[in-house]
Amino acid sequence: MKSDGYCIVILCLIQLDIVLCAKILGFFAAVSQSHFIVEEPVMRELAKRGHDVTVVTSFKQSGEPLKNYRYIDIPDFINRPEIKKFRTASTSGNSIGLAQRFIMMKELSKMSLHLMNHNKFLQLKNETFDLFVLGWSWNDYALGLSGHFKCPSVIISPNVNFYTMRKLAGNPSSISTIPGITAGYATPMTFFQRLRNIGYYLTEFAFLEGINQLFVAPLYTEAFPPSEYPTYDEVLRNISLILVSQHFSGRTPEPLLPNVIEVEGMHMKKGPSPLPEDIKAFLDGAADGAIFFSLGSNARSSDLSEDRIAVFVNKFRSLKQRVLWKFETDLPDIPDNVKIGKWLPQDDVLAHPNVVLFISHCGKAGITEAKYHGVPMLGIPLFGDQLGNARNIAKEGWAVMLPFADLSESTFSAVLDEALNNATYGNVVTKLSNLSRDRPEHPLDKAAFWIEYVIRHNGAKHMQSPAVHLNILQYYLVDAISFILAALYVSIRLIKFLFKVILRKVFRRGHEKGKKE
């Protein structure tokens, strides 16, 4: 009987999908805290699953400490002048030229290098890790850490599957069906939209490749000398998995390789956390509904001009709804129906049943949360992909959009009244919320599974596309097509030559025969 019991135990153990405890290093050097809010939950989940997790970031820890979860914050660089310039540029109302964007990206891309050269991080370089997880933020060169630790690497993108992610995974581009990241087109696209979409893709390619070649690649050489480390191209080909913040229920479906996993909403809690008492009381007492207003973690409402702040305050004063506003400094003379907070638990606020509208800059994470909780949006996009995001959700029918440059008392009043009084937006987002929630597993569990899959299979190279080992000429068959065209050209010239030779001989024989006759 005892031996039978042992056999049963052994058989059960065989059936278990066991992942040995791995040492995992997560590196998150983004300037935007909203990126880290999306990325960190998967690292905490891995720690809860028994892995030894180390996280390096520029933000102070906000969650509860966990067992075997080492949190190393290096905030020294987060308030540097170039970072402040990045934050204030979006709320100044002035357009940012292409040259200025390149300069800004050059400074932002150095953030990872600053963290890697910090004493807190240098101590880690003497340790060993089984997996390197990178939060992408113009810092592809940081993948050199996978070369240093001689381990596989995983990328978490806080955005959709744009050019850089497609390139690193070898994933094909679907120009005819997937609008460019800033296009904001509904699908299917018209002929002229598909025509312009080629331009969007080329612009995305030129901008991102320009940053990569001008700024990122040289930073790799600086951080990882060629005499001691693999080449930049080699570490880019070492990526095992890319997690992207998208889901087919919320955008046009696109063909994805096995190592590109959709995990939109992985930062969403499986159940909302209790709100702080003052916020809970404010929202609970909103008999006519509540509006949540936040410009995200990069742009700050407090950086707005006095005129623009007055636009919001004056309109809010006339509303019957209550307004919870993320405002980073004190704001005098606010109306009784307005409450401000320097930092607010956005996901938990949007989960409150009395929240009827979300005024947002249309960052990717905020859109995901609003859709999940079924809250209509008023989008005021500021920069980057936010304009395209706002256009998309407006065309989906659950948001109204007001470009920041068009903000005035009359325009804001009109779009806010439209958003509050038109029930269509709420009906549409309720349907989209049901679609977003209807999945076989929570996206956080999905992300953790595939990371553990990479660990179990020593990098899971069998999922990698051969495309990552081809250069751009090989990938688009430029070399093969050029060879075919050259061969055709030579063949045609040869045929023409032979034809001329044959004709010449035929006519010569005919001429000679005529002479004899």
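Summary of the structure given here. The residue numbers shown here count from 1 along each chain, following its written sequence. Under the rules for a predicted model, residues below a pLDDT of 70 receive no local features and side-chain atom pairs below 80 are neither given nor counted, while totals for whole chains, interfaces and linings still include all residues. To get the side-chain values, take all heavy atoms of the structure and skip hydrogens and water.

## A look at the pairing of strand β5 (residues 153–157)
Reasoning step 1: Only protein chains enter the accessibility calculation, which uses a 1.4 Å probe; a residue is then buried when its area is under 20% of its type maximum, exposed when over 50%, and partly exposed in between. Going along the chain from the N terminus, every DSSP run of H or I of four or more residues is numbered as a helix, and every run of E of two or more is numbered as a strand. Of all five residues in β5, five are buried; the element is thus mostly enclosed.
Reasoning step 2: Side-chain alternation along β5 places S153, I155 and S157 on one buried face and V154 and I156 on a second face that is also buried.
Reasoning step 3: Paired strands, as defined in this entry, are two strands with at least two bridges between them according to DSSP. By the bridge criterion, four bridges tie strand β4 (residues 131–135) to β5 in an arrangement that is parallel. Bridging from a neighbouring strand, G135 pairs with I156 of β5.
Reasoning step 4: Each parallel crossover has a hand, and the one from β4 via helix α7 (residues 144–149) to β5 is right-handed.
Reasoning step 5: Sheet analysis places β5 next to strand β6 (residues 239–244), joined by five bridges and oriented parallel. By the bridge assignment for β6, I155 is matched with I242. By convention, orient the strands away from the viewer: a clockwise path from the first strand over the helix to the second makes the crossover right-handed.

## Quick word on the sheet that holds β5
Reasoning step 1: What the seven strands build is an open sheet, ordered β3-β2-β1-β4-β5-β6-β7; its pairing is parallel. Either end of the sheet is taken by a strand with one partner, and the two such strands are β3 (69–73) and β7 (260–262). Strand-to-strand twist across the sheet, computed as the mean angle between neighbouring axes with direction ignored, equals 15°.
Reasoning step 2: Sheet topology note: the strand β1 (residues 23–28)/strand β2 (residues 52–57) ladder contains six bridges and is parallel. Paired with I24 across the strands is V53, a residue of β2.
Reasoning step 3: Each of β1, β4, β5, β6 and β7 touches helix α18 (residues 443–456); the most contacted strand, β6, lies at about 175° to it. Here the axes come from fitting lines to C-alpha atoms, over the contacting stretch only for helices, and the angles between their N-to-C directions go from 0 to 180 degrees. Any pair of residues with heavy atoms lying within 4.5 Å of one another is described as a contacting pair.

## So, the packing of helix α2 (residues 33–48) against α18
Reasoning step 1: One way to put it is that α2 packs onto α18 with a least axis distance of 9 Å and a crossing angle of 65°. The interaxial crossing formed by α2 with α18 has right-handed handedness. Contacts between α2 and α18 involve P41, V42, E45 and L46 from the first element and L444, D445, A447, A448, I451 and E452 from the second.
Reasoning step 2: Looking at the contact of α2 with α18 residue by residue, the class counts come to seven nonpolar, no polar and three charged. In a left-handed crossing the near helix is turned counterclockwise from the far helix by less than a right angle, and in a right-handed crossing that turn is clockwise. Basically, the charged four are Asp, Glu, Lys and Arg, the nonpolar ten are Ala, Val, Leu, Ile, Met, Phe, Trp, Tyr, Cys and Pro, and anything else, Gly included, counts as polar.

## Notes on the pattern of salt bridges
For side chains of opposite charge, pairing can occur when their charged atoms come near one another.
Reasoning step 1: Should a side-chain nitrogen of Lys or Arg be within 4 Å of a carboxyl oxygen of Asp or Glu, the pair is scored as a salt bridge. Tallied over the full model, the rule gives 16 salt bridges.
Reasoning step 2: A salt bridge links E127 to K23, with the nearest nitrogen and oxygen atoms 3.2 Å apart. Here K23 lies in strand β1 and E127 lies in the loop between α6 (119–122) and β4, a separation of 104 residues in the sequence.
Reasoning step 3: Among the salt bridges present, the one from R49 reaches E452, with a minimum N-O distance of 3.2 Å. Of this pair, R49 sits in the loop between α2 and β2 while E452 sits in helix α18; the two residues are 403 residues apart in sequence, bridging distant segments of the chain.

## Quick notes on the packing of aromatic side chains
Reasoning step 1: Paired rings are identified among Phe, Tyr and Trp, the last through its six-membered ring, by centres lying within 6.5 Å, and are further divided according to the angle between planes into stacked (under 30 degrees), edge-to-face (over 60) and tilted (the rest). This structure, assessed with the given rule, holds 30 aromatic pairs.
Reasoning step 2: By way of ring pairs, the aromatic residues F293, F312, F316, W325, F327 and F412 are connected into one cluster.
Reasoning step 3: Between K23 and the ring centre of F129, over which it is positioned, the NZ or CZ distance is 4.9 Å.
Reasoning step 4: In our convention, an over-ring charge means Lys NZ or Arg CZ found within 6 Å of a ring centre and within 35 degrees of that ring's normal. Directly above the aromatic system of Y372 lies the positively charged group of R437, at a separation of 3.9 Å from the ring centroid.

## A closer look at the environment of F327
Reasoning step 1: Tracing the sequence through the fold places F327 in the loop between β9 (322–326) and β10 (338–341).
Reasoning step 2: Classification of F327 as buried rests on a relative accessible area of 2%.
Reasoning step 3: As a C-alpha pair, F327 and R300 span 27 residues in sequence and 7.0 Å in three-dimensional space.

## Let's talk about unusual backbone geometry
Reasoning step 1: Notably, N68 is not glycine yet its phi reads approximately 45°, a positive angle.
Reasoning step 2: Here N68 is to be found in the loop between β2 and β3.
Reasoning step 3: Taking relative accessible area as the criterion, N68 reaches 26% and is therefore assigned partly exposed.

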